[in-house]
Amino acid sequence: MNSFFKYFTDIFRAVKSLLTGMKVTGRYFFSPWEIVTQQYPENRNKLKMYDRFKGEVIMPHNEQNFHRCTGCGICETNCPNGSIEIIQDRIDMPDGKKKRIISKHIYHLSMCTFCGLCIKSCPSNALAWGQKFEHAVYDRSKLSKILNQPGSSIIKDIVE
Amino acid sequence: MKEVINLPVKNIEEEEYHINMGPQHPSTHGVLRLVVSLQGEIVKSLKPHCGYIHRGIEKMCEKDTYPQIIHLTDRMDYLSAHINNHAVCLLVEKALEVEVPERVKYIRTIIDELNRIASHQLWWCSFGMDMGGLTCFFYGLRDREKILDIFEESFGSRLLHSYYTPGGLMMDIHPNFQKGVKDFIKYFRKKIKDYDDILTGNIIMQERTKGIGVLTKEDAISYGVIGPSGRASGFSCDVRKHHPYGVYDKADFREILGNDGDTFTRYLMRMHEMRESMKIIEQLIDNIPAGDYTAKMKAVIKLPAGEYYQRVEAARGELGVYVVSDGNKTPYRMKFRSPNFSNLSALDHISRGVKIADLVAIGGSLDYVIPDIDR
């Protein structure tokens, strides 16, 4: 009789200890609104990154295709990994002087560590953070980007 | 006629043999190779082989200017990236005798504590997973996501922030920062009870960790085991208390010490530390003074010639930064005294005589981050 009684108390104790262990998981099972999973590739259209999100370094251009980069090279010297390369050019001004402009502002995304020193040190606020974060490509040469758009030139009100 | 050859039969139970745990093993949390000498399944001795993720950060620092060094320190102990940044910033400010604004000190302290909570949450996930409970992993990561959202909104990145600069901060905090932190504290005060229900009170976990991997106070001091692991043995080593930096001297918090020094005590230390960190944040978050977010610094930072040392309390223990400067804009020599390296040195001592499955639990409780060991 005693062993018979023990058999049932053992079952009861086992169920009780199982329920204690599963208390938290059970609660989440019955409250599915607490699930926080995002369906990432499906919600891509609705996905909004924060304003300060560091996706990549970009050079903002206005509607008339003007940028603010003077080609001074401070971002290039401040970059710890050599991910910025500036190819300068000189043009003749109407008053006979020569002026320095950028021919190419090359940004190697593959080497960038997103420290933000180029953007912080830029004296004319020519660089900014972009929001794009899907950088996967099939060829690594595609990760070297020319930031100044073709045909763009420096905006007039920048004084060096 | 057949000849009978009597091969000597070896008893595998009595003979010592070696196995490699790692470099690719989920419980080493990175590329750490442990050569374990076993008898049966009892660990006789153990030899860690480091260097699989050595990147030469100390040498790379010698070519970088001081603002550029910050982004390399992120990549040592990536789970307490802000705190590593803080060490270098404090060192440069100490050497140049720059007084940073009060606002910067408050913000830095709050963010350090948030980073500590995030780091301990990830440790909690992975410790649960090492013990065989995958549920913990998802709950811990879910709550860590809330902190990462605050970080992402304020400084744009989730893991490697590079937010501190010598003399101040990269940019001011986001207007939503204070509200976000307060919401998180309210949320996490509720959720940390789940942590206790699911893992601390779990009888299987307690049976597996109590009395396993005991480290006495004397051994903790002689091996230099610091941080929560050292405090579990009763070794009072909290830099925040003994050498306050930031505004830790204005906050009221306890340095929690354990007595047993076993795996379960090391577990409890980190659970208590999360609560203490929340207490510190709650005291400071409403009192952030107005002002500048950076002190006036020269464009090119040159430290005067000499030797400098600065320590901070990272999530795993005391992080020391030692710099020899010859007056140039780059350091002559840079050395990081990382907490994980000294914590790893005690692993051989405390895991002798345990079963190999318990080695996973001990390793989880020491909470090592391999990139910080190898640098």
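Remember, predicted model here, so these are calculated numbers, not experimental data.

### Some remarks on the overall build of chain A
Helices and strands together make up the secondary structure of chain A, namely 4 helices and 7 strands. Ordered by position in the sequence, the α and β elements of chain A form the string α-α-β-β-α-β-β-α-β-β-β. The C-alpha radius of gyration of chain A comes to 29 Å, more than 25% above the 15 Å expected for a compact globule of 160 residues. Split into buried and exposed, the 160 residues of chain A put 31% on the buried side. When the accessible surface of chain A is split by element, carbon and sulfur atoms take 59% of a total near 11,400 Å².

### Some details on the overall build of chain B
Across its full length, chain B carries 15 helices and 8 strands. The C-alpha radius of gyration of chain B comes to 22 Å, within 12% of the 21 Å expected for a compact globule of 375 residues. Put simply, chain B has 375 residues, and 58% of those count as buried. Within chain B, contacts between residues separated by at least 24 positions form 70% of all contacts whose residues are at least 6 apart in sequence. If you sum the accessible surface of chain B, you get close to 15,500 Å²; carbon and sulfur atoms cover 54% of it. In chain B, the 49 positive side-chain charges and the 51 negative ones have mean positions that sit 2 Å from each other.

### A short note on the interface of chain A and chain B
Facing the 22 residues of chain A at the interface are 28 residues of chain B. Where chain A abuts chain B, roughly 2,100 Å² becomes buried across the two surfaces, and 54% of that area is made up of carbon and sulfur atoms. Our count for the chain A to chain B interface comes out at 2 salt bridges. Linking Arg27 of chain A and Asp194 of chain B is a salt bridge whose minimum nitrogen-to-oxygen distance equals 3.2 Å. There are 12 residue pairs in polar contact (both at pLDDT 80 or more) connecting chain A and chain B. Looking at the side of chain A that touches chain B, the element that brings in the most residues is helix α2 (residues 23–29) of chain A, giving 5 residues. When its residues are assigned to classes, the side of chain A that touches chain B shows 10 nonpolar, 6 polar and 6 charged.

### Topic: the pattern of salt bridges
Under the defined criterion, the tally for this structure stands at 36 salt bridges over all chains. Asp10 of chain A is the salt-bridge partner of Arg13 of chain A, the closest N and O atoms lying 3.6 Å from each other. Of this pair, Arg13 of chain A and Asp10 of chain A both sit in helix α1 (residues 2–21), 3 residues apart, which is roughly one turn of that helix. Residue Asp10 of chain A is classed as partly exposed on the basis of its relative accessible area, which comes to 31%. One continuous salt-bridge network, built from bridges that share partners, spans Glu113, Arg116, Arg231, Asp238, Arg240, Glu273 and Glu313 of chain B.

### Overview of the sheet that holds strand β3 (residues 42–49) of chain B
Residue and element names in this part refer to chain B. The strand order β1-β2-β3 describes an open sheet built from 3 strands, whose pairing is antiparallel. The open sheet has two free edges, formed respectively by β1 (16–21) and β3, since each of these has just one partner strand. When the angles between neighbouring strand axes are averaged without regard to direction, this sheet yields 20 degrees. In the sheet, strand β2 (residues 33–39) pairs with β3 via 7 bridges, with the strands oriented antiparallel. Its bridge partner lying in β3, Val36 is registered against Leu46. Where helix α14 (residues 356–366) meets the sheet, it contacts β1, β2 and β3, and its direction lies at approximately 40 degrees from that of β1.

### Regarding the nonpolar core
Residue and element names in this part refer to chain B. The biggest cluster of nonpolar side chains holds 80 residues, and the ones touching the most others in it are Trp124, Phe177, Tyr267 and Leu303. A total of 11 residues in this core trace back to one element, the largest contributor, which is helix α4 (residues 102–130). Those residues in contact with Phe177 that sit more than four places away from it in its chain are Ile110, Ile111, Leu114, Ile150, Ser154 and Ile285. Counting residues in each nonpolar core, the second largest holds 23 residues, with Leu347, Ile350, Leu359 and Ile373 among its members.

### As for unusual backbone geometry
With a phi close to 50 degrees, Asn125 of chain A is a non-glycine residue in the positive phi region. Position of Asn125 of chain A among the secondary structure elements: in the loop between α4 (117–121) and β5 (128–130). Positive phi outside glycine occurs at Asp367 of chain B, with the angle close to 60 degrees. Within the element layout of this structure, Asp367 of chain B appears in the loop between α14 and α15 (370–374). A relative accessible area of 3% places Asp367 of chain B in the buried class.

### Some details on a nonpolar patch on the surface
A cluster of nonpolar side chains, namely Phe4, Tyr7, Phe8, Ile11, Val15 and Leu19 of chain A, defines an oily patch on the protein surface of about 640 Å² accessible area. If you trace the backbone, Val15 of chain A turns up in helix α1.

### Some words on the packing of α4 of chain B against α14 of chain B
For any two helices packed against each other, one specifies the inter-axial angle together with the distance between the axes. All names here are of chain B. The geometry of α4 relative to α14 is characterised by a closest axis approach of 9 Å and an angle of 180 degrees between their N-to-C directions. As far as their axial angle goes, α14 and α4 are roughly antiparallel. Between α4 and α14, the residues in contact are Trp123, Phe127 and Asp130 and Val360, Ala361, Gly364 and Ser365, respectively. Of the residues contributing to the contact of α4 with α14, the split by class is 4 nonpolar, 2 polar and 1 charged.

### Focus on the side chain of Asp112 of chain B
Here Asp112 of chain B shows up in helix α4. The buried charged residue Asp112 of chain B lacks any salt bridge partner; its closest oppositely charged side chain belongs to Arg116 of chain B, at an N-O distance of 5.6 Å.

### Focus: the sheet that holds strand β7 (residues 317–325) of chain B
Residues and elements named next belong to chain B. If you trace the 3 strands from one edge of the open sheet to the other, you get β6-β7-β8, paired in antiparallel fashion. Edge strands, defined here as strands with exactly one partner in the open sheet, are β6 (306–314) and β8 (333–337). If you compare each strand with its neighbour and ignore which way they point, the axes differ by 15 degrees on average. With 9 bridges joining them, β6 and β7 adopt antiparallel strand pairing. Residue Val312 lies in a different strand from β7, and its bridge partner there is Leu319.

### A few points about α14 of chain B
Residues and elements named next belong to chain B. The element α14 is extensively covered by neighbouring structure, given that 9 of its 11 residues are classed as buried. Those residues of α14 that fall on the buried side of the exposure criterion are Asp358, Leu359, Val360, Ala361, Ile362, Gly363, Gly364, Ser365 and Leu366. Just past α14, the residue Asp367 takes up positive phi, approximately 60 degrees.

Calculation notes
Residues numbered from 1 in each chain as written. Chains lettered and ligands numbered in written order. Predicted model: local features only at pLDDT ≥ 70, side-chain atom pairs only at ≥ 80, totals over all residues. Heavy atoms only, no water. Helix = DSSP H or I, 4+ residues; strand = E, 2+ residues; numbered from the N terminus. Rg over C-alpha atoms; globule rule 2.2 N^0.38 Å. Buried < 20%, exposed > 50% of the residue type's maximum accessible area, 1.4 Å probe, protein only. Areas by Shrake-Rupley, 256 points an atom, 1.4 Å probe, with all protein chains shown as cover. Contact = heavy atoms within 4.5 Å. Lys, Arg positive; Asp, Glu negative; His and termini not counted. Charge placed at Lys NZ, Arg CZ, Asp CG, Glu CD. Buried area = accessible area lost by both parts, 1.4 Å probe. Salt bridge = Lys/Arg side-chain N within 4 Å of Asp/Glu carboxyl O. Polar contact = N/O pair within 3.5 Å; in protein donor to acceptor, adjacent residues only side chain to side chain. Nonpolar A, V, L, I, M, F, W, Y, C, P; charged D, E, K, R; others polar. Pairing = 2+ DSSP bridges. Axes fitted to C-alpha atoms, helices over the stretch in contact; angles between N-to-C directions. Core = buried A, V, L, I, M, F, W, Y, C linked by side-chain atoms within 4.5 Å. Patch = residues over 30% accessible without salt bridge, like charges linked within 9 Å, V, L, I, M, F, W, Y side chains within 5 Å. Parallel < 35°, antiparallel > 145°, perpendicular 65-115°, else oblique.

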